[in-house]
Amino acid sequence: MFDIFMIHTWIASTIIAVTAGILGFFVVLRRSAFAAHALPLATFPGAAAAQLLGIQPLWGLMGFVTLAVVLLHQLQKLGRKDVAAGLVLVTLLAVGSLLLSMTNTYAPAVFSLLFGQVLGISAADLWPVATIASLVLIGAMSLYRPLLLQSAFPELAISRGISAGVIDIIFLGLLGLVTAMAMPVVGALLVFSLLIAPAAAAQSLSARPLQALVLAVMFSVGMMWLAIALSFWTNWPIGFFVGTMGALLFTSARMFRYIRHRWFSTALPTTMKNSSMKLILAAQPGEA
Amino acid sequence: MLTWLAHILHWSFLDSGSVQTALLVGGSAAVVCAVIGVFTILRGYAFAGHALGDVSSAGGSASFLLGISPLAGFLGIAGIAAVSLEFLGVRRAREQDVATGIVLGAGIGLSALFLYLDTTTTNTTGTAVTVMFGSMFTFPASLRLPAMMTAAAALVMMAILYRPLLLSMVDPELATTRGISTRWVGLLHLLTLAAAVALAALSVGAVLASALVIGPAGAAVRISRRPGVAILLAMLLGLTAVWCGIWMAYESYYWFAGRAWPVSFFVVTIIFLSYLTSVPLQYVRRRRFVRAMPMAAYAGG
């Protein structure tokens, strides 16, 4: 399992899991699970388009993810956010099914694009993963405070001169980058599980932003490693392990919280809103 | 050009049995999805509706393993997913997003496993494509009756739920005093939604099923604020998209030199374009009929 050809898999998936854990924290906080589900699937035609045009797959993915982010942002401004996300998703996915039907590797390509090909990563695949991951991490870290404020208190953020529209498009852009990076490795459907489940479990265990963030990254990396190991032993697809383990993790975190509250009469953790408020106010005593 | 016209004029495509089945099954999916879609949009359940479609792909892929009808597979798993959504607290606004996401992730994981087992244990190829993106022209004629029965059952259910569901959306407290259990009404709505999604998943594919549920209804809700009118409009849009899509896919064989384009691509594209068209229409309507109390229309039924 730790053979030389598996080294790249371990490195790439760890980087992806860390990035997904951090960004997932904001996805859950902002309740943009639908956007996080829509973007990877809307990027799906990118790989097929690249194959048809004979360019690097990554450029195809980047092109479609940009298109998806712009469409999503514009349509969400015009009407119901969930309807917009759903329609962008299905439309680009349908374009993807058309493009794939034009290439000759239809069925196997569909399966690996949707569910990932984690056991076939080469050294050359590592560079784009590492570059994009560091870009996303720098972006998320430098925007940590405004992103947190805007996610928890949109009105307060406006009064501090943080534009909701700008934050939204930056957030979608970061999400898009993670998507384009992770999709060839873990598949369009698996990116979503990695984004939601660890962060949701972490936020139901801790209400302190930084603690929840660290917990989310730990859950995400742990889940990824276990999923690769299980997938290696059983030969079953990695998406199965990540999806079901995510659901298990979330329900056990909820049960743990419930039992702690009910049997040991510990107060339920204060909401993320309250504690991020404290954090923001504590950091800027002069302004508060 | 002349050959196209000839095809359009004598409608040769209606003679084919598989086209008739596709028109019938796809059409009933469009009608049922339109009725349920309007309520789904108004309740803010678009994500849940989409998730039910994606999750039902696990049922579609399992049906190939078990050798049962794909419709039964889609229906079974979508029903289980609807109950799990309710159990995880999809009705509470704070929990909705995450609860839906967790059910969606688990369902997709199962689907990955079943599709993998399909390719390793059976001789079927292209199961992933059939389940995910649909294949309307390959329906057996034996599918007509169960599909129509599912559609009829869902429509009857919606007729029963129509007033209690509207009331519990507009004024949950009033609904409770009138003896309506919002919990049961919510669960029954989700189960009916699951039936509609299963039909849509069968027609346009599991990952594209939500196009039929949220697309026509989303456009209709923008154009009319009366639920009854919105439902009729959504039916019209949905039926147009599905039937035109089937016809265009059939004809595309002649347009693109013997290489037909997928039906689902045409259906989804028409739906997306009709949604985009509804955006300017909404502003025209607003300027002409300014209503101070938008929800008054719903309260009046």
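Residues numbered from 1 in each chain as written. Chains lettered and ligands numbered in written order. Predicted model: local features only at pLDDT ≥ 70, side-chain atom pairs only at ≥ 80, totals over all residues.

## Digging into the overall build of chain A
For chain A, the helix and strand inventory stands at 13 helices and 0 strands. Going from N to C terminus, chain A has its helices and strands arranged as α-α-α-α-α-α-α-α-α-α-α-α-α. In chain A, which comprises 288 residues, the share counted as buried stands at 51%. Contacts in chain A between residues at least 24 apart in sequence constitute 76% of all its contacts with a sequence separation of at least 6. (Helix = DSSP H or I, 4+ residues; strand = E, 2+ residues; numbered from the N terminus. Buried ≥ 20, exposed ≤ 12 C-beta atoms within 10 Å, placed from the backbone. Contact = placed C-beta atoms within 7 Å.)

## Considerations on the confidence of the model for chain B
Taken residue by residue, chain B gives an average pLDDT of 84. The fraction at 70 or more is 88%. When the criterion is pLDDT under 50, residues 289-301 of chain B qualifies, and its contacts beyond four places in sequence or with other chains add up to 10 contacts. (pLDDT = per-residue confidence, 0-100.)

## Some thoughts on the interface of chain A and chain B
Between chain A and chain B, the residue contacts involve 42 residues of the former and 43 residues of the latter. Looking at the side of chain A that touches chain B, the elements with two or more residues in it are α2 (33-53), α4 (81-102), α5 (106-115), α10 (188-205) and α12 (238-263) of chain A. No other element matches α4(A), which puts 11 residues into the side of chain A that touches chain B.

## Digging into unusual backbone geometry
Residue and element names in this part refer to chain A. For R31, which is not glycine, the phi dihedral falls at a positive 55°. With respect to the helices, strands and loops of the structure, R31 is situated in the loop between α1 (4-29) and α2. Take R31: there are 18 C-beta atoms within 10 Å of it, and that puts it in the partly exposed class. Not every positive phi belongs to a glycine, and N235 is a case in point at roughly 75°. For N235, the location among the structural elements is in the loop between α11 (209-234) and α12. For N235, a count of 10 C-beta atoms within 10 Å puts it in the exposed group.

## Some points on the packing of helix α2 (residues 17-42) of chain B against helix α11 (residues 227-255) of chain B
All names here are of chain B. One can describe the packing of α2 onto α11 by two numbers: an axis separation of 8 Å at closest approach and a directional angle of 155°. Of the possible angle classes, the one that applies to α2 and α11 is roughly antiparallel. Handedness of the crossing formed by α2 with α11: right-handed. Contact residues: α2 offers V19, A22, L23, G26, G27, A30, V31, C33, A34, V35, G37 and V38, while α11 offers P227, A230, I231, A234, M235, G238, L239, V242, W243, I246 and Y250. Each residue belonging to the contact of α2 with α11 can be placed in one class, and the counts come to 19 nonpolar, 4 polar and no charged. (Axes fitted to C-alpha atoms, helices over the stretch in contact; angles between N-to-C directions. Parallel < 35°, antiparallel > 145°, perpendicular 65-115°, else oblique. Left-handed = near helix turned anticlockwise from the far one by under 90°. Nonpolar A, V, L, I, M, F, W, Y, C, P; charged D, E, K, R; others polar.)

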